[in-house]
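# Report on the structure
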Amino acid sequence: MDEGTKRTVQKLPLLSVKAGPRDGEEWNKRLKEELTALIQYVKVNKEADNDWFQIECNKTGTRWTGKCWYYYEQIRYEFDLCFDIPVTYPATAPELMLPQLDGTTSKMYRGGKICQTVHFQPLWARNVPRFGIAHALALGVSLAF
């Protein structure tokens, strides 16, 4: 992980509720923590002039969709971003997908899912339940580019 990513992740609040989509009211508490961390992540990005995504969730917080963008040689490339929260969340990280990039690099597979096994999964496992969606975006999408 590069130093810039590490500094960004350190600015994000750590979560405390260990609950997934099947955990009723505890999931609602977790979702509030997730949204608070996402708001902080957006603020950190805007302060660093690094605004690169827009995302929203369904009513239950289990399906997330949006857009992310990347600038290369002064051209903006925009991609759909989506993921589902696994039933075993937060023990299992969400699989972030950029469908338009499916199969374009060795880092992309099965519908545009970002390959996170070697770098991301061990870090996620060490930080359950403290890491959440904001952390996944900060760490995971950077692996795609």
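Look up: the structure comes first, before these words.
Values in this document were obtained by computation on a predicted structure and should not be read as measured data.

Cut-off values and rules
Residues numbered from 1 in each chain as written. Predicted model: local features only at pLDDT ≥ 70, side-chain atom pairs only at ≥ 80, totals over all residues. Heavy atoms only, no water. Helix = DSSP H or I, 4+ residues; strand = E, 2+ residues; numbered from the N terminus. Expected span 1.5 Å × (residues − 1). Buried < 20%, exposed > 50% of the residue type's maximum accessible area, 1.4 Å probe, protein only. Contact = heavy atoms within 4.5 Å. Patch = residues over 30% accessible without salt bridge, like charges linked within 9 Å, V, L, I, M, F, W, Y side chains within 5 Å. Areas by Shrake-Rupley, 256 points an atom, 1.4 Å probe, with all protein chains shown as cover. Salt bridge = Lys/Arg side-chain N within 4 Å of Asp/Glu carboxyl O. Pairing = 2+ DSSP bridges. Phe/Tyr/Trp six-rings, centres within 6.5 Å; stacked < 30°, edge-to-face > 60°.

A word on helix H2 (residues 25-47). Across its 23 residues, H2 extends 34 Å between first and last C-alpha, which sits within 8% of the 33 Å expected from 1.5 Å per residue. Looking only at H2, the buried set comprises Trp-27, Arg-30, Leu-31, Glu-34, Ala-37, Leu-38, Tyr-41, Val-44 and Asn-45. The inward-facing, buried residues of H2 abut helix H1 (3-10), strand E1 (53-57), strand E2 (63-72) and helix H4 (133-140). Just past H2, the residue Asp-49 takes up positive phi, approximately 50°.

Below, the discussion takes up a nonpolar patch on the surface. Together, Tyr-70, Tyr-72, Ile-75 and Tyr-77 give the surface a local cluster of nonpolar side chains, amounting to about 390 Å² of exposed area. Of all the elements in the fold, those that place two or more residues in the nonpolar patch are E2 and strand E3 (75-84). Mapped onto the secondary structure, Tyr-72 falls in strand E2.

Glancing now at the pairing of E1. Taken together, the 5 bridges between E1 and E2 define a ladder with antiparallel strand orientation. Bridging across to E2, Glu-56 finds its partner in Thr-65.

We now examine the packing of aromatic side chains. Counted under the stated rule, the structure contains 7 aromatic pairs. Aromatic pair Trp-27 and Tyr-89: ring centres 6.1 Å apart, planes at 90°, arrangement edge-to-face. With a gap of 62 residues between them, Trp-27 in helix H2 and Tyr-89 in the loop between E3 and strand E4 (108-109) connect regions that are remote in the sequence. When the ring of Tyr-89 is compared with that of Trp-124, the centres are 6.1 Å apart and the planes differ by 45°; the resulting orientation is tilted. Here the residue Tyr-89 occupies a position in the loop between E3 and E4, and Trp-124 occupies one in helix H3 (residues 120-126), the gap between them amounting to 35 residues. Accessibility assignment for this pair places Tyr-89 and Trp-124 in one class, buried. Taken together, the ring pairs connect Trp-27, Tyr-89, Trp-124 and Phe-131 into an aromatic cluster.

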